[in-house]
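Here are the chains, one letter per residue:
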Amino acid sequence: VSSSVNRKVRAVVTINPYAEFVRRVGGDRVDVLVLVPPNADPHTFDPTPSAIKAVSDAEIYFKVGGSLEFEVSWLGRLQQLNPNMMVVDTGAEVKLIGAEGHFDPHIWLSPKNAILIVDSIYQGLVGIDPDGEKIYKENRDNYINELNKLDSEVNEILSNLRTRVFVVYHPAWAYFARDY
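Given the structure is predicted, the values throughout are model-derived calculations rather than measurements.

1. A closer look at the overall build of the chain
- Looking only at helices and strands, the chain features six helices and six strands.
- Listed by position from the N terminus, the elements making up the chain come as β-α-β-α-β-α-β-β-β-α-α-α.
- Here the C-alpha radius of gyration of the chain, 17 Å, is about what a compact globule of 180 residues would show, namely 16 Å.
- For the C-alpha atoms alone, the extent of the chain along its principal axes is close to 55 × 35 × 30 Å.
- Out of the 180 residues in the chain, the part that is buried amounts to 43%.
- Long-range contacts, defined as pairs at least 24 residues apart, comprise 67% of the intrachain contacts of the chain with a sequence gap of at least 6.
- Taking the average location of the 18 positive side-chain charges in the chain and that of its 24 negative ones, the two points are 2 Å from each other.

2. Observations regarding a nonpolar patch on the surface
- A cluster of nonpolar residues, F166, V168 and W173, forms a patch on the protein surface that exposes about 270 Å² of accessible area.
- One can find V168 in the loop between α5 (133–158) and α6 (174–179).

3. A look at the pattern of salt bridges
- According to the stated counting rule, one finds 12 salt bridges in the structure shown.
- A salt bridge links R24 to E146; the shortest N-O distance between them is 2.5 Å. Of the two residues, R24 sits in helix α1 (residues 16–26) while E146 sits in helix α5, which places them 122 residues apart along the sequence.
- Owing to a relative accessible area of 27%, R24 belongs among the partly exposed residues under this scheme.
- Its relative accessible area of 42% is what places E146 among the partly exposed residues.
- Residue R140 is joined to D119 by a salt bridge in which the shortest nitrogen-to-oxygen separation is 2.8 Å. In this pair, R140 sits in helix α5 while D119 sits in helix α4 (residues 111–128), placing the two residues 21 residues apart along the sequence.
- Owing to a relative accessible area of 11%, R140 belongs among the buried residues under this scheme.
- Salt bridges sharing partners connect three or more residues here, namely D119, K137, R140 and D141.

So, how was this worked out
Residues numbered from 1 in each chain as written. Predicted model: local features only at pLDDT ≥ 70, side-chain atom pairs only at ≥ 80, totals over all residues. Heavy atoms only, no water. Helix = DSSP H or I, 4+ residues; strand = E, 2+ residues; numbered from the N terminus. Rg over C-alpha atoms; globule rule 2.2 N^0.38 Å. Buried < 20%, exposed > 50% of the residue type's maximum accessible area, 1.4 Å probe, protein only. Contact = heavy atoms within 4.5 Å. Lys, Arg positive; Asp, Glu negative; His and termini not counted. Charge placed at Lys NZ, Arg CZ, Asp CG, Glu CD. Patch = residues over 30% accessible without salt bridge, like charges linked within 9 Å, V, L, I, M, F, W, Y side chains within 5 Å. Areas by Shrake-Rupley, 256 points an atom, 1.4 Å probe, with all protein chains shown as cover. Salt bridge = Lys/Arg side-chain N within 4 Å of Asp/Glu carboxyl O.

As structure tokens, then:
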């Protein structure tokens, strides 16, 4: 890995929320490609040829983990295209909800999980770009402080509710519900 001042780590993420996580930790040292664009369904989306080409040049892939269908279908093929690309399972430290073979992939919707995800992104970036460790650590710590504050605010807002039942359109809120 070159330590050129203008060099940027080429990172790939599956979905947009992860681009935010990577940008917050990586700052100016990282360029992020999102494979599944906003409003596309990560359960059924197929990457474009240009996205596949971009993955072949990537240095690191931050996967959601769980059982996100896009990753189950595509990640193995993308790794074959780019065997030198580091793959970081950002859900590795999250206590997943589900059963063997199928876990709820919506782990980022809980601030408590987001803290674990952000830390795994930090570790991956340091692994691929050790020269940026100080910057990545400062960015991670600042972001985790914000996420801890958000966690406290959510706890406070929800503390006096008389009921803990809510209705959702898409079953994506299991981790949030578990944590609060």
